[in-house]
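Structure assessment
Read off the chains here:
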Amino acid sequence: MADNATHSYISSFFLVGIPGLQAFHCWIGIPVCLLFALALLGNSVIIITIKVEPSLHQPVYFFLCMLAVNDMALVSSTAPKMLGIFWLDAHKFDFSICLAQMYFIHTFCIIESALLVAMAFDRYVAICIPLRYTTILTTPMVTKLGLAGVIRATFMVLPCPLLIKRLPYYTKYVINHAYCEHMAVVKLASANTLINRAYGISVALSVMVLDLGLIATSYIKILQAVFRLSSQNARSKALGTCAAHVCTLLVFYTPALFSFLTHRIGKKVPPSIHIIFASLYLLVPPTVNPLVYGVKTKQIRDRVVSLFLSNKIISGN
């Protein structure tokens, strides 16, 4: 694939999958396929439910709809190639396609983080300044917040593949990963990669620090407002509206932080453990999010149940 004497550039990468567990790839593909199918089904149900139910045409559900679309895009950019590796031994990945997958994966992850910030802001306005909720979170404002998240992610991640394309790749072409992850690709370059590493870390840190800081600030304000309420029932009701969002935050950021830390400072963590967590970070949140919101949000739960019941009645007749 590469010629050392003439220094010819490699044209494709070889994705190993999960190092040390190649013998179990066939079995690992089963939960990956299930997560992929459930993510597509669950998020489709969320989008359709919000679209057909007029009472759900509110800012919080518009954000949820955006999250569902992004989750479907994220899992679709990852799972098919994983299944190709696990079930079809399709390890070879064209250089340009690998960079495209890397770009879209990281872009969708940053969009996801931005949407979680927007949803935290929605809860802050709803609980802390409810009388101004409809005047602050108008449809144009919701659209602007969503576009801002997309534009930020698009331009933050864009330098990553552009910086990689300037690097020479001569001999190393084996990626010990199940998908094209930025640092895994950078490490294979036959040149100094300080700029690439510095930019990658700065993007990851800036997104995490800024977004988690904004989310933490929103919830500190929310808790202050909630504990000022005199009624215990009112407190429980206010906190209950945040339950689904808090679960989504934990599901998304916990494996993200673990993956980020182990990749950079967890030298003793086995590569297979790191790659499994990195893969779960991309597959689990898109699968769990619709389940969390479906269970925790009464309006969505009731509407989904009524849709399925009406379909059963029609089929029965």
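So, how was this worked out
- Residues numbered from 1 in each chain as written.
- Predicted model: local features only at pLDDT ≥ 70, side-chain atom pairs only at ≥ 80, totals over all residues.
- Heavy atoms only, no water.
- Helix = DSSP H or I, 4+ residues; strand = E, 2+ residues; numbered from the N terminus.
- Rg over C-alpha atoms; globule rule 2.2 N^0.38 Å.
- Buried < 20%, exposed > 50% of the residue type's maximum accessible area, 1.4 Å probe, protein only.
- Contact = heavy atoms within 4.5 Å.
- Lys, Arg positive; Asp, Glu negative; His and termini not counted.
- Charge placed at Lys NZ, Arg CZ, Asp CG, Glu CD.
- UniProt positions renumbered as here; feature names shortened; annotations may be inferred.
- Disulfide = S-S within 2.5 Å.
- Core = buried A, V, L, I, M, F, W, Y, C linked by side-chain atoms within 4.5 Å.
- Pairing = 2+ DSSP bridges.
- Axes fitted to C-alpha atoms, helices over the stretch in contact; angles between N-to-C directions.
- Salt bridge = Lys/Arg side-chain N within 4 Å of Asp/Glu carboxyl O.
- Left-handed = near helix turned anticlockwise from the far one by under 90°.
- Nonpolar A, V, L, I, M, F, W, Y, C, P; charged D, E, K, R; others polar.
- Phe/Tyr/Trp six-rings, centres within 6.5 Å; stacked < 30°, edge-to-face > 60°.
- Lys NZ or Arg CZ within 6 Å of the ring centre and 35° of its normal.

**Considering the overall build of the protein chain**
- When you go through the protein chain residue by residue, the secondary structure sums to 13 helices and three strands.
- Taken over C-alpha atoms, the radius of gyration comes to 22 Å for the protein chain, in line with the 20 Å a tight globule of 317 residues would show.
- Dimensions along the principal axes, computed over C-alpha positions, put the protein chain at roughly 75 × 50 × 35 Å.
- For the protein chain, buried positions account for 46% of its 317 residues.
- The contacts in the protein chain between residues at least 6 apart in sequence include a share of 78% that link residues at least 24 apart.
- Each charge class in the protein chain can be summarised by its mean position, and for the 24 positive and 10 negative side chains these summaries are 9 Å apart.

**Describing the UniProt feature "transmembrane region" (unreviewed entry) in the protein chain**
- Within the UniProt annotation, "transmembrane region" (unreviewed entry) is assigned to residues 27–48, 60–79, 99–121, 142–164, 198–217, 238–261 and 273–293.
- With 90% helix and 0% strand, the stretch residues 60–79 has end C-alpha atoms that lie 28 Å from each other.
- Taken as a whole, residues 99–121 contains 100% helix and 0% strand, while its terminal C-alpha atoms sit 33 Å from one another.

**A word on the state of the cysteines**
- A complete count under the given rule lists one disulfide for this structure.
- Between the sulfur of Cys 98 and that of Cys 180 lies a disulfide, 1.9 Å long from S to S. The sign of the S-S torsion, about -120°, decides the handedness of the disulfide formed by Cys 98 and Cys 180: left-handed. With Cys 98 in helix H4 (residues 95–128) and Cys 180 in the loop between strand E3 (174–175) and helix H8 (182–186), the pair connects residues that are 82 residues apart, well separated along the chain. Considered together, Cys 98 and Cys 180 belong to a single accessibility category, that of buried residues.
- In this model Cys 26 remains outside any disulfide bridge; the closest cysteine sulfur is found in Cys 33, 12 Å from its own.

**Structural notes on the nonpolar core**
- By size, the foremost hydrophobic cluster in this structure holds 87 residues, and its most contacted members are Phe 13, Leu 64, Tyr 169, Ile 175 and Val 185.
- Sorting elements by how many residues they give to this core places H4 first, with 18 residues.
- In contact with Val 185, not counting residues within four places along its chain, are Phe 13, Cys 98, Leu 99, Ile 164, Tyr 169, Ile 175 and Cys 180.

**Regarding the sheet that holds strand E2 (residues 92–94)**
- The mixed open sheet is built from three strands, whose spatial order is E2-E1-E3. With one partner strand each, in any of the chains shown, E2 and E3 form the two edges of the open sheet.
- Packed on one face of the sheet, H4 meets strand E1 (12–15), E2 and E3 and runs near 85° to E2.

**What about the pattern of salt bridges?**
- Following the criterion strictly, the structure yields two salt bridges and no others.
- The partner of Arg 123 in a salt bridge is Asp 122, with the nearest N and O atoms 2.7 Å apart. Per residue, the accessibility class of Arg 123 equals that of Asp 122, and both read buried.
- Across the pair Arg 152 and Asp 211 runs a salt bridge, and its minimum N-O distance is 2.8 Å. Residue Arg 152 is located in helix H6 (residues 139–157), and its partner Asp 211 is located in helix H9 (residues 194–227); the two are separated by 59 residues in the primary sequence.

**Let's talk about the packing of H4 against H6**
- Contact pair H4 / H6: the axes reach a minimum separation of 8 Å and the direction vectors enclose 145°. You can see that H4 and H6 cross each other, and the crossing is right-handed. Contact residues: Tyr 103, His 106, Thr 107, Ile 110, Ile 111, Ser 113, Ala 114 and Phe 121 in H4; Leu 145, Gly 149, Val 150, Arg 152, Ala 153, Thr 154 and Val 157 in H6.
- Taken together, the residues that form the contact of H4 with H6 break down as nine nonpolar, five polar and one charged.

**A few points about the pairing of E1**
- With three bridges connecting them, E1 and E2 associate as antiparallel partners. Following the sheet pairing, Phe 13 is matched in E2 by Phe 93.
- Here two bridges tie E1 to E3, and the two strands are oriented parallel to one another. When the sheet's bridge partners are listed, Phe 14 is paired in E3 with Val 174.

**Quick notes on the side chain of Thr 193**
- With respect to the helices, strands and loops of the structure, Thr 193 is situated in the loop between H8 and H9.
- Residue classification places Thr 193 among the buried residues on the basis of a relative accessible area of 9%.
- Those residues in contact with Thr 193 that sit more than four places away from it in its chain are Leu 167 and Val 186.

**Concerning the packing of aromatic side chains**
- For the coordinates displayed, the defined rule picks out eight aromatic pairs.
- Through a chain of ring-to-ring contacts, three or more aromatic side chains come together here, namely Phe 13, Phe 95 and Tyr 169.
- Above the plane of the ring of Phe 93 lies Lys 81, whose end atom (NZ or CZ) is 4.5 Å from the centre.

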